[in-house]
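Remarks on the overall topology
One-letter residues, chain by chain:
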Amino acid sequence: MSKLKPARVRQLVFGFFMSGIMSFLMSGVITLINTGVDAGYPARWAAAFLVAWVVAFPLVTFIAPVAGKLTDLALRRFEA
């Protein structure tokens, strides 16, 4: 059985935190805009957050390398 490379572990941990933070913030804002704040807001936010995180984590894990390559390509124009 092969061991995970440190770069791959870092990518997974980064994806875990980035997707969690972004899902938490975005689901809170979107739930607030769509339904307002009342007694049921925390439960609606929590449900939206869980769905968002389940979707976001694999997407961030796979899309982050693509975004990095696109960033490198875009910034090449600014290199001296």
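Our subject in this report is the structure included herewith. The numbers attached to residues start from 1 for each chain and follow its sequence in the written order. Predicted model: local features are reported for residues with pLDDT of at least 70 only, side-chain atom pairs are reported and counted for 80 or more only, and whole-chain, interface and lining totals are derived from all residues. Processing note: side-chain calculations cover all non-hydrogen atoms of the structure and skip hydrogens and water entirely.

1. A few points about the packing of aromatic side chains
Classification of ring pairs rests on two measures: the distance between centres of Phe, Tyr or Trp rings, Trp counted by its six-membered ring, which must be within 6.5 Å, and the angle between planes, read as stacked under 30 degrees, edge-to-face over 60 and tilted in between. Following the criterion strictly, the structure yields 7 aromatic pairs and no others. Geometrically, the ring pair formed by Phe-16 and Trp-53 is tilted, given 5.2 Å between the ring centres and 45° between the ring planes. Here Phe-16 is found in helix α1 (residues 6-35), whereas its partner Trp-53 is found in helix α2 (residues 41-75), with 37 residues between them in sequence. Feature note: the residues Phe-16, Phe-17, Phe-24, Tyr-41, Trp-45, Phe-49, Trp-53 and Phe-57 constitute an aromatic cluster, connected by ring pairs. Helical segments are the DSSP runs of H or I of at least four residues, strand segments are the runs of E of at least two, and each set is numbered from the N terminus.

2. A short note on the pattern of salt bridges
When a carboxyl oxygen of Asp or Glu is within 4 Å of a side-chain nitrogen of Lys or Arg, the pair counts as a salt bridge. Counted according to the given criterion, the structure contains 1 salt bridge. Linking Arg-44 and Asp-38 is a salt bridge whose minimum nitrogen-to-oxygen distance equals 3.0 Å. Exposure is judged per residue with a 1.4 Å probe applied to protein chains only, and the accessible area is read against the type maximum: over 50% gives exposed, under 20% gives buried, and values in between give partly exposed. With a relative accessible area of 44%, Asp-38 lands in the partly exposed category.

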